[in-house]
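# Observations on chain architecture
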Amino acid sequence: MSNIKTVTTIRFQDQRPGTSGLRKKVSTFQQAHYLENFVQALFNTLGGLQGKSLILGGDGRYYNRNAIQVIIKMAAANGLKQLIIGKGGLLSTPAVSCLIRKQQTLGGIVLSASHNPGGPDADFGIKYNIDNGGPAPEKITEMIYQQTLSLQQYHTLDTPDIDLDQIGSQQVESLQVKIIDSVEDYADMMEALFDFENIRSMFQQGFRLCFDAMHAITGPYANEILVKRLGASPQSIIRGTPLTDFGGGHPDPSLDHAKELVEIMSTDKAPDFGAASDGDGDRNMILGKDFFISPSDSLAILTANAQLIPAYRDGLSGVARSMPTSQAVDRVAAALGIECFETPTGWKFFGNLLDSNKITLCGEESFGNGSNHIREKDGLWAVLFWLNIIACSEQNPEQICRSHWQQYGRNYYTRHDYEALDNDIANTIMANLRQQTETLTGKSYAGRNISLSDDFSYRDPVDNSTSPHQGIRICFDDGARIIYRLSGTGTSGATLRIYIETYESDSDKHDRDTQDVLKELIAAANELSAVKTLSERTGPSVIV
Ligand code: G16
């Protein structure tokens, strides 16, 4: 006898996925029917689940296990054939992408709010990835949202919870639940991409690193790859145990939130290389001894050195960066004679370019880089890429970065975030800017002339879909830019991000303080947006 239950539900109006899935406070997800509605809307959007498989896992944050049990029961009631779940419900975002591709499943569900904090009073999230392993494109997330607005019922099962910690297969009605090792497939893939022998011998010769897993998902992955397979010392990994509240911190690999790592890297006895990854393992931060590599520079450096990596030795088909990411990689692409695409913020926009082999590498200013090996950005992949470059070049991160600037020039770059703004105020700031774009071209600010000013609209070169309103661009005739956009990942109020950059070719001027170099452009950015007056703030909440 079947235990399927059909539940009459109430609708929620706030389930439109943002830059990367649906992210809300845990308490929002804990409301009766909230998670169930979104999952049913997803299943309805996917159509018949009969005979299909999905990957399921999350970053281990508070509510991960509860959500997994809910999804198992709903998947069984909706006729899915197989769910492949990481042991303990744990899978990094890159590992989900890797498994979707390897197992050729219909897609996968990632439970994470990425770098946002975790715990009963913090954030939770759910994201769907399609069969190429990448985040669902806007067409699909919009269909899911439309489903949530008209949903009347969902299907679930009256059945006990599944043991998530036992590797092997279990049956829930006609659904096969397969619990697998969370790390192995991903680690094997990394070993196939990079020169592990070379990196291993570097560790044997005394090379030292510090990797901050931020009590998030990458601890077990870093342990398997860096310690077991490459021979780094077990002490190289700090905050290596995943905790449901990330030990009370923000699992955000930035100078602000990886303070212990930054401190370790600034002492006399600092290791040769420092790195951190975020809640779900897709972001990365790279440090040398007392030296920060900006994510935009990192993308440019990986691109310039890709020929050192076994997987990319035959060359890159092209590269892409999100629009607000600095233009450092554009110069490398030009030198390599390959195309550089400019996409809106959000990894989903790289999917078509990767699938059609228009690009091999891509990245964003928000601490994310990746390649065609999967369809997500990938934190440990970036760490291994850097280790591989260091092993081949025998230079340290600072030397690699400085010689890059020497060759290509330096893009001084910063991001000023105004967090938790009142939504109306944030919308007013953006509307005012949008209006101004019509008259700014030709005007002079910060001693430069504005050559282009618009609200960025992207036309996907593969499927011709258009994504308008992706951020206000103010570009100057010397290559400097000011960009404004509202974040699509926050969970309280609105976050205004202002991105500012300028280019310096003279290597005698590559050692200056970024905020100082950019101060006139920053003043212009503040003046044009009237951000301080309208928000009644004295300055940004975060400077990256
Ligand atoms: C997500 C997206 C990224 C995006 C970042 C910041 O990353 O996958 O593509 O750059 O958010 O987006 P926003 O500026 O809208 O807050 P993650 O690591 O949070 O999933």
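Rules of the game
- Residues numbered from 1 in each chain as written.
- Predicted model: local features only at pLDDT ≥ 70, side-chain atom pairs only at ≥ 80, totals over all residues.
- Heavy atoms only, no water.
- Helix = DSSP H or I, 4+ residues; strand = E, 2+ residues; numbered from the N terminus.
- Buried < 20%, exposed > 50% of the residue type's maximum accessible area, 1.4 Å probe, protein only.
- Polar contact = N/O pair within 3.5 Å; in protein donor to acceptor, adjacent residues only side chain to side chain.
- Near = heavy atom within 4 Å.
- Areas by Shrake-Rupley, 256 points an atom, 1.4 Å probe, with all protein chains shown as cover.
- 1 Å grid on protein atoms, 1.4 Å probe; cavity = no way out; pocket = protein on both sides within 12 Å on 5 of 7 lines; lining within 4 Å.
- Sits in = over half its atoms within 2 Å of the grid points.
- Domains from an automatic or database assignment.
- Contact = heavy atoms within 4.5 Å.
- Buried area = accessible area lost by both parts, 1.4 Å probe.
- Core = buried A, V, L, I, M, F, W, Y, C linked by side-chain atoms within 4.5 Å.
- Pairing = 2+ DSSP bridges.
- Axes fitted to C-alpha atoms, helices over the stretch in contact; angles between N-to-C directions.

### Topic: the environment of N464
In this structure, N464 sits in the loop between β22 (458–459) and β23 (466–467). The exposure class of N464 is partly exposed, given its relative accessible area of 43%. Separated by 225 residues in sequence, N464 and R239 have C-alpha atoms that sit 44 Å apart. One polar contact links N464 to R459, side chain to side chain, over a distance of 3.4 Å.

### Examining the site of the ligand
By nearness alone, 19 residues border the ligand, and E364, R485, G488, T489 and R497 come closest of all. Between S366 and the ligand, the recorded distance is 2.7 Å, taken from a side-chain N or O atom to an oxygen atom. Contacts to the ligand include R497, whose side-chain N or O atom sits 2.6 Å from an oxygen atom. When the ligand sits alone it has 460 Å² of accessible area, and the protein chains cover 99% of it. Most atoms of the ligand, that is more than half of them, are within 2 Å of grid points of the largest cavity.

### Let's talk about the domain arrangement of the protein chain
Each assigned domain of the protein chain is listed here: domain 1 (4–181), domain 2 (186–408) and domain 3 (410–543). The straight-line distance from the C-alpha centre of domain 1 to that of domain 3 is 35 Å. Between domain 1 and domain 3, the contact holds eight residues from the first and six residues from the second. In this assembly, domain 1 packs against domain 3 so that about 560 Å² is buried in total across both faces, 39% of it on carbon and sulfur atoms.

### A short note on helix α6 (residues 184–193)
Because each turn of an α-helix spans 3.6 residues, side chains separated by three or four positions end up pointing in the same direction. Taken together, the buried positions of α6 are occupied by D185, Y186, A187, M190 and L193. On its buried face, α6 is in contact with α4 (93–103), β9 (175–180), α7 (196–204), α8 (218–229) and α13 (379–393).

### A few points about the nonpolar core
Counting residues in hydrophobic clusters, the biggest one holds 69 residues, and the most contacted among them are L226, F273, W381, F385 and L387. At eleven residues, the largest contribution of residues to this core is made by α13. Three or more residues apiece are contributed to this core by two domains, here domain 1 (4–181) and domain 2 (186–408). Once residues within four sequence positions are removed from consideration, F273 is found in contact with F207, R208, L209, C210, M265, I286, L287, V383, W386, L387, I390 and P397. Core analysis: the second largest hydrophobic core is formed by 44 residues, L35, L56, M74 and Y128 among them.

### Looking at the side chain of S326
For S326, the location among the structural elements is in the loop between β15 (318–322) and α11 (328–336). A polar contact of 3.1 Å, which involves the side chain of S326, links it to the backbone nitrogen of A328. Setting aside chain neighbours within four positions, we find S326 in contact with S296, R321, N411, Y413, R481 and E501.

### Describing the sheet that holds strand β16 (residues 339–343)
One key point about sheets: their strands pair by backbone hydrogen bonds, in either a parallel or an antiparallel sense. Read from one edge of the open sheet, four strands run β16-β15-β17-β18, paired in mixed fashion. With partners counted over all chains shown, the strands left at the sheet margins are β16 and β18 (368–371), one partner each. Averaged over all neighbouring strand pairs, the angle between strand axes comes to 15 degrees, with direction disregarded. In the packing of helix α10 (residues 295–304) onto the sheet, the strands contacted are β15, β17 (361–364) and β18, and the crossing angle to β17 comes to about 170 degrees. Each of β17 and β18 is contacted by α13, which is oriented at about 80 degrees to β18, the strand it contacts most.

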